[in-house]
Amino acid sequence: MNFSVLSSQFWSLCLQGVALGFIYVLISLGYTMVYGVLRLINFANSEVVMMGTFATVVAEVAILKNVSTSDPLHGFRLVYTLVFALVFSSLICGLLGVLVELVAYRRLRALGTNRLASLISAIAVSIVLSEAARIYTHSAPVTAPRLLEKWSFGEIGGANFRVDTVMIILAGSIIFFALDRFVNRSRLGKAIRAVSMSEENSKLMGINLNRVISLTFFIGGLTTGAAAFFYTTVYETTQFNVGFNLGLAAFTAAVLGGIGNLRGAFYGGIFLGVLEQFASAILGSQWKSVTVFLVLVLVLLIKPSGIFGEAVQQTRT
Amino acid sequence: MLNIRDKGAAIWENWNRTKRVTFVLIVITIVAFLPYAGTFPATSFLNTPITSYQAVLVYPIAMFVLMALGLNIVVGKSGLLDLGYVAFFAIGAYTMGILGTMTGLNTWEILPIGIALAMLAGLILGLPALRLRGDYLAIVTLGFGEIVRIIALNLTQTGGPNGVVGIPNPPPIFGEKFGLDDHAGYFWVIFVMILLVIWMVRRFTIRRPGRAWEAIRQDEDVAALMGVNLLVYKLWSFSIGAAIGGAAGVIYASKVMFIAPDMFTFNVSVLILACVVFGGMGNMWGVILGACILAYLPERIRFISNSRQLVFGLVLLVIMNIRPDGLLPRKKREKIKQKEAK
């Protein structure tokens, strides 16, 4: 127990927590969008994150292959590389999401089987993805090239506004609010919301169900890929098993905020990120996931539908 | 599609008592001689390339069958999605590890303690968690599985990441010794436990708890309206499942003599759940078949050693797409009713 950090590092922990939270938010969108539409846990999303981190590394290496030094980049070249890696990782993850839906969910959905069957097929897909990555990388961690010199904008109240922290928070909010607007304002977003309310009725209204579901997986994959890019940029290393913990935390965040609810995922993710930072500062980082789960159980006991409620009233098995 | 389960059930119903008893005795005898199947030329195709066949028969096959039967009570019979089943296995194993090395108690004396502790853990987790529905229960149990592993990893009493070393083997019973390499003995012990569990589940299924679980699985609200005490029967199902997991853990720790936290990861829970769903949720024989196949297959295909998990994932994916209700699904009658309800 080390409560002194509460006074000395309070704002610093908050800032880092929010930055970590944004990574969780973007991943948990991959869970919450799919859950909202299909009422199924998208189990393979954690491995989609993992694939995204590798896609980021591949993109960065592809751009930098003629650069002999590993010095950080500057100016236009830096922005161009970062944006390219972000877009590449997002697209790969988006397409991977569509593929996951195609092989793990579509046929089972057409047969109208129980929910657990698609859970197992999604687990099978995640085994395939993580094993493929493990064999390809020989279980070794892969280091990403250092693109970003981590200079600081300055400190406010002890919180160090490093460039990557600021980038995650700014870009994360832009992506989230763009998605929020897309789902709530656009025609396709309306279709997604309609399917999440009732599959049968939206079919009657002329919505192409399969296309909307594919689109949902694609969008979930896009944000997940963005999160994978931010993760790689901050930690600069990745391994075949990074997906599990990230996915677990993001799914917890989605449940905390009320799964199926976009804004719930936002608040849930930020809350979880901050909580994790404080828990690891006070209790030691080995206990952070225990704290997170205890909080989750408490929240669910007091308010079973999550802090911000579900999009559709009741979750049925 | 051919439904072996219904055919089998029909044949079984038409048999009289003597035929049934003979059949069961023959099956038990065949299974009891399985440890020696690897030595006969006719059945030597069963041999596994790397680990010895007898060792594979104990862990993973028999152990997975036992645990899958336990999880089947929770997931298959009462429809509660438990993603943290490994926690109970770990609690059993650590009970054996700590008590076995600290005190002079032997495995058979620790077995009831391990079962009791696992049941207690099931109750402690179940009391808050079983009020939740569906996917929330899944995530809370998943978290519980991780918490148990993290606690084992960080406490000094459990040996931290090094685990517990030098756990004693069980003392001999009826002259049958239990050394590290006496796999047949362990197989028979677990086989007896499996038979007990099968007998217990069959008794439960036709009596009040079984009917209550069935009602809960089909529709919680209707079950509650019909006067089924939801929390009590869910707790029963949960803690019986936990007890079986705990028993498996005690035997496992006592066999391998060494346990560490990274033996009890989420992957184990997923594998056991895969056995249940793959074989046919709610149908014991399907679950046993599923567990046998999923435990045996990765060992048999080890010649492609590095990518066997990959092949395993692909096989699982293909089979779930072909037979989503599992290899031997539960009774057809019920499924027709489900389709009508939709």
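Parameters at a glance
- Residues numbered from 1 in each chain as written.
- Chains lettered and ligands numbered in written order.
- Predicted model: local features only at pLDDT ≥ 70, side-chain atom pairs only at ≥ 80, totals over all residues.
- UniProt positions renumbered as here; feature names shortened; annotations may be inferred.
- Helix = DSSP H or I, 4+ residues; strand = E, 2+ residues; numbered from the N terminus.
- Buried ≥ 20, exposed ≤ 12 C-beta atoms within 10 Å, placed from the backbone.
- Contact = placed C-beta atoms within 7 Å.
- Rg over C-alpha atoms; globule rule 2.2 N^0.38 Å.
- Axes fitted to C-alpha atoms, helices over the stretch in contact; angles between N-to-C directions.
- Parallel < 35°, antiparallel > 145°, perpendicular 65-115°, else oblique.
- Nonpolar A, V, L, I, M, F, W, Y, C, P; charged D, E, K, R; others polar.
- Pairing = 2+ DSSP bridges.
- Expected span 1.5 Å × (residues − 1).
- Arc of directions from axis to C-beta.
- Core = buried A, V, L, I, M, F, W, Y, C linked by C-beta atoms within 7 Å.
- pLDDT = per-residue confidence, 0-100.
- Left-handed = near helix turned anticlockwise from the far one by under 90°.

Database annotation for chain B, UniProt heading Subcellular location (unreviewed entry): "Cell membrane".

Turning to chain A, the UniProt record has this under Sequence similarities (unreviewed entry): "Belongs to the binding-protein-dependent transport system permease family. LivHM subfamily." UniProt's Subcellular location (unreviewed entry) comment on chain A is quoted here verbatim: "Cell membrane".

Asks: So what about the overall build of chain B? Which residues, and what values?
Replies: Within chain B, the secondary structure is distributed over 14 helices and two strands. If you line up chain B on its principal axes, its C-alpha atoms span 55 × 50 × 45 Å. Within the span of chain B, comprising 342 residues, buried residues form 47% of the whole. Restricting to contacts in chain B with at least 6 residues of sequence separation, those with at least 24 account for 76%.

Asks: Now, about the overall build of chain A: what can you tell me, with residues and values included?
Replies: In terms of helices and strands, chain A carries 12 helices and four strands. For chain A, whose C-alpha radius of gyration is 20 Å, the value lies close to the compact-globule estimate of 20 Å for 317 residues. Reported as C-alpha extents along the three principal axes, the dimensions of chain A are approximately 55 × 50 × 40 Å. When burial is assessed residue by residue, chain A has 50% of its 317 residues classed as buried. Counted over contacts in chain A with a minimum sequence separation of 6, partners at least 24 positions apart contribute 79%.

Asks: Explain the interface of chain A and chain B residue by residue, including any values.
Replies: Interfaces are often described in size by the accessible area the parts lose on coming together. With 36 residues of chain A at the contact, the number on the chain B side is 34 residues. Only helix 4 (75-111), helix 5 (115-137), helix 10 (242-257) and helix 12 (288-302) of chain A provide two or more residues apiece to the side of chain A that touches chain B. Ranked by residues supplied to the side of chain A that touches chain B, first place goes to helix 5 of chain A with 12 residues.

Asks: Explain the packing of helix 2 (residues 10-38) of chain A against helix 10 of chain A to me, using residue names and the numbers behind them.
Replies: All names here are of chain A. Direction vectors running N to C along helix 2 and helix 10 enclose 75°, while the axes themselves pass 8 Å from each other. Taken together, the axes of helix 2 and helix 10 are roughly perpendicular relative to one another. For the pair helix 2 and helix 10, the contacting residues are Tyr-24, Val-25, Ile-27, Ser-28, Tyr-31 and Thr-32 in the first and Leu-246, Gly-247, Ala-249, Ala-250, Phe-251, Ala-253 and Ala-254 in the second. Residues belonging to the contact of helix 2 with helix 10 are distributed by class as follows: 10 nonpolar, three polar and no charged.

Asks: A description of the pairing of strand 3 (residues 159-162) of chain A should follow, citing residues and the corresponding values.
Replies: Both faces of the sheet carry side chains from a regular strand, because those side chains alternate between them. All names here are of chain A. Strand direction decides the pairing type here: strand 2 (residues 152-156) and strand 3, joined by three bridges, are antiparallel. For Glu-155, the partnering residue across the bridge sits in strand 3 and is Asn-160. Counted between consecutive antiparallel strands, the loop separating strand 2 from strand 3 contains two residues, among which Gly-157 sits at a positive phi close to 60°.

Asks: Tell me about helix 2 (residues 17-32) of chain B, residues and numbers included.
Replies: Counted at 1.5 Å a residue, the expected span for helix 2 of chain B with its 16 residues is 22 Å, and the 22 Å between its end C-alpha atoms agrees. Little of helix 2 of chain B sits inside the fold, with zero of its 16 residues counted as buried.

Asks: Please provide a residue-by-residue account of the environment of B:Trp213, values included.
Replies: Mapping B:Trp213 onto the fold places it in helix 8 (residues 208-218). When the C-alpha atoms of B:Trp213 and B:Phe89 are compared, they prove to be 23 Å apart, with 124 residues separating the residues in sequence.

Asks: Before we move on, could you go through the environment of B:Val250 and cite the residues and values that matter?
Replies: Residue and element names in this part refer to chain B. Mapped onto the elements, Val-250 comes out in helix 10 (residues 230-256). As a C-alpha pair, Val-250 and Ala-138 span 112 residues in sequence and 25 Å in three-dimensional space. Residues contacting Val-250, with those up to four places away along its chain left out, are Gly-92, Ala-93, Thr-95, Met-96, Thr-107, Ile-110, Leu-111 and Gly-114.

Asks: Any details on helix 7 (residues 187-197) of chain A? Residues and values, ideally.
Replies: An α-helix turns once every 3.6 residues. As a result, residues three or four positions apart point the same way. Residues and elements named next belong to chain A. All of the buried residues along helix 7 are Ala-191, Ile-192, Val-195 and Ser-196. Along the axis of helix 7, the buried residues cluster in a sector spanning 135°; they form a single face. Close packing links the buried residues of helix 7 with helix 2, helix 6 (163-185), helix 8 (199-204) and helix 9 (209-235).

Asks: Talk me through the nonpolar core; I want residue IDs and the actual numbers.
Replies: In this structure, B:Leu66 and B:Ile190 are the most contacted members of the largest nonpolar core, which totals 208 residues. Sequence-distant contacts of B:Ile190, defined by excluding residues within four places in its chain, comprise B:Val58, B:Ala62, B:Met63, B:Leu66 and B:Ile251.

Asks: Got a sec to walk through the confidence of the model for chain B? Specific residues and values, please.
Replies: Do not read the predicted coordinates in detail wherever pLDDT is low. Mean pLDDT over chain B: 86, with 94% of residues reaching 70 or higher. The ipTM assigned to the predicted complex is 0.83, against a pTM of 0.84.

Asks: Describe the packing of helix 3 (residues 45-64) of chain A against helix 5 of chain A, and please don't skip the residues or the numbers.
Replies: All names here are of chain A. Two elements in contact, helix 3 and helix 5, have axes separated by 9 Å at closest approach and are oriented at 25°. One finds that helix 3 runs roughly parallel with respect to helix 5. The element helix 3 and its partner helix 5 pack so that their crossing is left-handed. Residue-level inspection shows Ser-46, Glu-47, Met-50, Met-51 and Phe-54 of helix 3 in contact with helix 5, the latter providing Ser-126, Leu-129, Ser-130 and Ala-133.

Asks: Run through unusual backbone geometry, naming residues and quoting values.
Replies: The peptide bond linking B:Tyr59 to B:Pro60 adopts the cis configuration, its omega dihedral lying at 10°. Locating B:Pro60 in the fold gives a position in helix 3 (residues 53-77). The backbone phi angle of A:His138 is positive, close to 55°, even though this residue is not glycine. Within the secondary structure, A:His138 sits in the loop between helix 5 and strand 1 (142-143). You will see that B:Met257, though not glycine, has its phi angle at about 65°, which is positive. With respect to the helices and strands, the residue B:Met257 is situated in the loop between helix 10 and strand 2 (258-259). You can call B:Met257 partly exposed: it has 15 C-beta atoms within 10 Å.

Asks: Explain the environment of B:Trp188 to me, and be specific about the residues and the numbers.
Replies: You can see B:Trp188 is positioned in helix 7 (residues 183-206). Residues B:Trp188 and B:Ala87, spaced 101 residues apart in sequence, show a C-alpha to C-alpha distance of 25 Å.

Asks: Which residues make up the confidence of the model for chain A, and what values go with them?
Replies: Residue and element names in this part refer to chain A. Put simply, chain A has an average pLDDT of 85, and 94% of its residues get 70 or more. Within chain A, helix 1 (residues 4-8) has the poorest average pLDDT of any element, 77, and helix 9 the best, 93. Per-residue pLDDT stays below 50 along residues 311-317; that stretch engages in 15 contacts with residues further than four places along the chain or on separate chains.

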